[in-house]
There are 2 protein chains.
Amino acid sequence: MISRAEAEALDRADPLAPLRQRVVIANPSRLYLDGNSLGRLPVATRVRLQQVIDAEWGEGLVESWAQWIDLDKRLGDKLACHFLGAAAGEVLVSDSTTVNLYKLVGAAVASGKTVLVTDGDNFPTDRYVLQGWAQQLGVTLNVFASHPVYGPQAAEVATALRHVPHGTALVCLSHVSYRSGALADMAAINAVVHQAGGWVLWDLCHAVGAVPIALHATGTELAVGCTYKYLNGGPGAPAFLYVRRDLQETLRSPIWGWFGQRDQFAFGAQYQPAPGVQRFATGTPPVVAMAAIEPGLDLLLEAGLERLRHKSIALTALLIALYDAWLAPYGFTLGTPREPQRRGSHVALRHPEAYRISRALLRAGVVVDFREPDTLRCGLAPLYTRFVDVWEAMDRLRTLMATQAYTAFSPTRARVT
Amino acid sequence: MISRAEAEALDRADPLAPLRQRVVIANPSRLYLDGNSLGRLPVATRVRLQQVIDAEWGEGLVESWAQWIDLDKRLGDKLACHFLGAAAGEVLVSDSTTVNLYKLVGAAVASGKTVLVTDGDNFPTDRYVLQGWAQQLGVTLNVFASHPVYGPQAAEVATALRHVPHGTALVCLSHVSYRSGALADMAAINAVVHQAGGWVLWDLCHAVGAVPIALHATGTELAVGCTYKYLNGGPGAPAFLYVRRDLQETLRSPIWGWFGQRDQFAFGAQYQPAPGVQRFATGTPPVVAMAAIEPGLDLLLEAGLERLRHKSIALTALLIALYDAWLAPYGFTLGTPREPQRRGSHVALRHPEAYRISRALLRAGVVVDFREPDTLRCGLAPLYTRFVDVWEAMDRLRTLMATQAYTAFSPTRARVT
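So, how was this worked out
- Residues numbered from 1 in each chain as written.
- Chains lettered and ligands numbered in written order.
- Predicted model: local features only at pLDDT ≥ 70, side-chain atom pairs only at ≥ 80, totals over all residues.
- Contact = placed C-beta atoms within 7 Å.
- Helix = DSSP H or I, 4+ residues; strand = E, 2+ residues; numbered from the N terminus.
- Pairing = 2+ DSSP bridges.
- Axes fitted to C-alpha atoms, helices over the stretch in contact; angles between N-to-C directions.
- Buried ≥ 20, exposed ≤ 12 C-beta atoms within 10 Å, placed from the backbone.
- Least-squares fit on C-alpha atoms with pLDDT ≥ 70 in both.
- Domains from an automatic or database assignment.

### What to know about the interface of chain A and chain B
So, point 1. Opposite the 65 residues of chain A that make contact, chain B presents 65 residues.
So, point 2. If you list the elements that add at least two residues to the side of chain A that touches chain B, you get helix 2 (43-60), helix 5 (97-110), helix 6 (124-137) and helix 10 (287-291) of chain A.
So, point 3. Broken down by element, the side of chain A that touches chain B gets its largest block of residues, 7 residues, from helix 6 of chain A.

Printed below as a string of structure tokens:
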């Protein structure tokens, strides 16, 4: 098996290694395999936040709205053109992923997409939003079972659409599964949905900044995503939504707010949706949180998305190799596809005792997520995760298993009732 | 008329004067009469933001969610108990005012309140949200004309409710009018609505932190408000919503998100609303923006809401007296009630040339808002606005009128098409 020295050699050869200094790493001994839950703080973001707090809010006060009023679209354009394979004017930074999903699903239903389709392993908020719309409007929600490791497949989607009337399906799926890390085949799934006259709404939360995304090339109609994982926008940073240009004028957000109103400051009596993607805005956006997004985007662009993907694949491959050598004997199974082109940037290690193992790992200085029912989710953000971090984290994990130190922790998560 | 020296004497006698140092005042010569649009930056907020950015995000990373997960409720409790006359567990900080309005109106409609009532001068986003729900669900929206200076009156509400079936009305009004500054009689209006078996949803954006609010004493069912005006929470800081305790378990947000889910991290298959006000949460909240709210609340509590109200009335009275003496001769009219108990903390000066006068005032170092069609809106946040600021601002305004310097500016706002 690869040695610690060999992992260190990989880091020395890593062209992205110098960029690690550009994010704050306060406790180098704490191994952070959770950048897919909350990305690290870029150094430049601290500077930008200081500026928005002191100069723009503190000093400029209300007059700073001249700079802030277009921030949602300016950041949206940067995401569209450089991260999503879309065009300027198609993406807006706004609200949370949940609220953006709600708006786009509502708009699609009102436009005739009255059969909602998703997979049972989709992220909870996606499923809940769809359940809510289905209940509220009495439309159909078809939930199909997807492969627990490989995620939703084009063939499964085709089966789920078999009895759906042509032109009525809205298929909502995650590009990268929050649990397994499976990367869905966007082109193949879109083709199947389009053949049925349907639309696809992709949730890009676990994909954006980590894997190539080609919304235009795949003909994607709608998408949402967050900015606080691989994009390093900060805890709960505002999310984004994408609406393909040709659909914008025919769609309406269910939430009619003054930031989505044509000529907002005319304060007109009647709501008239603004032109373009702006109509999907709602209320006053949280400027300080939104301003924190841009330096993280610029840092990823400086790294280069192809180089990030290349390193991400190498990191996840290393983790899987270490799993094979060290962890499979302790009863772990791999919850993530082995084929690099079929996974994102996190790896799921499944074990019946995953919850208490995750607690013990935290105590041992390795930050991973536990995801019900049995998954240790190891996020390997390529911008700042080193090969030696992966090696060291897996080494600590095998030690925990060898010593059974994890049995000192409570076996199950405390339920909230 | 009062002299500048007399205004300065009022400031010397002001018990709140020392608190002015506790907010950032970068340009003392720039007179800021716009704290009702965006409150100033409290010095303690800079410290808190530094902490949330560096220590909580930068260092604590995902583990800081242990502190963040209850922030929406903790801030809600502080608002409920100290600002709103409500109880702990009834208020949640969440989303924007627009989205909160949307959620509460939707919940009320689903619960049988199928006749929506508002006044035509209500803030645009309130009217648009109601229009959206009316269009979406085919329910009735009654818009009544309220008095342009005194705002909605109980008698007007009674008339608007005359033909509404008992028990079906949801009346949505602003406690303080965004334009006129009129303070609605919450108790009297609630009594009329309750007599008709209806509910009231109060928009508290221009009221909270400036006027006494007694949600429980008046039997208010629902309310929303923002935190970036008199509460100084920062640009676009998350808003709040209030749902009276006894209604919480019967109401459901139309937006079913994972932050409103019972036992959120069980990631259950089926959405089950969380107990209490938490069910009105949606997605991941913008933590950095939310954390900025608390120091502003604490600062107002240190000042004391009664003392703030007392000073606010004195400030607005001074402005009205100066208007009478200096501005009425130039064609201004007063757009705000003269009776102190009938106004909030801003004063509307109406003039046919208001737009270009507002531009000229900005150039002269006086920051006020222009509001269509003819209003200069002068916000007098009592925490940091001095009597001499009011005196000096009105002095600059009368000079502009005497010299007609404002005619150098474009007569109308540029329309956005």
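Now that the structure is up, let's keep going.
### What about the environment of D203 of chain B?
All names here are of chain B.
So, point 1. Tracing the backbone shows D203 in strand 6 (residues 199-203).
So, point 2. The spacing of D203 and V176 is 27 residues in sequence and 8.2 Å in space, taken between C-alpha atoms.
So, point 3. Those residues in contact with D203, other than ones at most four positions away along the chain, are F123, D126, C172, L173, S174, H175, V224 and G225.

### Thoughts on the sheet that holds strand 2 (residues 91-94) of chain B
All names here are of chain B.
So, point 1. Read from one edge to the other, the open sheet built from 7 strands follows the order 2-8-7-6-5-3-4, with strand pairing classed as mixed. Among the strands making up the open sheet, the edge pair consists of strand 2 and strand 4 (140-144). Mean inter-strand twist for the sheet, computed between neighbouring axes without regard to direction, equals 20 degrees.
So, point 2. Judged from the 5 bridges that link them, strand 3 (residues 115-119) and strand 4 form a sheet pairing that is parallel. If you follow D119 over to strand 4, its bridge partner there is F144.
So, point 3. Against the sheet, helix 4 (residues 71-82) touches strand 2 and strand 8 (239-243), its axis set at about 125 degrees to strand 2.

### Observations concerning the environment of G89 of chain A
So, point 1. The residue G89 of chain A is located in the loop between helix 4 (71-82) and strand 2 (91-94) in this model.
So, point 2. Look at G89 of chain A and you get partly exposed, because 17 C-beta atoms sit within 10 Å.

### Here's the deal with the relation of the copies chain A and chain B
So, point 1. The transformation that overlays chain A on chain B combines an axial shift of 0.0 Å with a rotation of 180 degrees, and the residual RMSD is 0.0 Å. Taken together, the rotation and translation relating the two chain copies correspond to the operation of a two-fold axis. The rotation axis passes nearest to the C-alpha of A289 of chain A in chain A, at a distance of 2.7 Å.
So, point 2. A symmetric contact is evident, with 100% of the interface residues of chain A recurring at the interface of chain B.

### Details of the domain arrangement of chain A
Residue and element names in this part refer to chain A.
So, point 1. Structurally, chain A comprises domain 1 (4-32 + 304-408) and domain 2 (46-300).
So, point 2. With centres defined by C-alpha atoms, the gap from domain 1 to domain 2 works out at 29 Å.
So, point 3. Taken together, the contact pairs 21 residues of domain 1 with 16 residues of domain 2.
So, point 4. For the side of domain 1 that touches domain 2, the secondary-structure elements that each account for two or more residues are helix 12 (305-327), strand 10 (346-350) and strand 13 (375-379).
So, point 5. The element best represented in the side of domain 1 that touches domain 2 is helix 12, accounting for 4 residues.

### Quick word on the sheet that holds strand 12 (residues 369-371) of chain B
All names here are of chain B.
So, point 1. Pairing in this open sheet of 4 strands is antiparallel, and the strands run 9-10-13-12 from one edge to the other. Looking at strand neighbours, the two that pair on one side only are strand 9 (333-334) and strand 12, the edges of this open sheet.
So, point 2. In terms of strand pairing, strand 10 (residues 346-350) meets strand 13 (residues 375-379) through 5 bridges, oriented antiparallel. Looking at the pairing, R350 lines up with T375 of strand 13.
So, point 3. The sheet strands contacting helix 12 (residues 305-327) are strand 9, strand 10 and strand 13, and the helix crosses strand 10 at an angle near 15 degrees.
So, point 4. Packed onto the sheet, helix 13 (residues 354-363) meets strand 10, strand 12 and strand 13 and runs at close to 40 degrees relative to strand 13.

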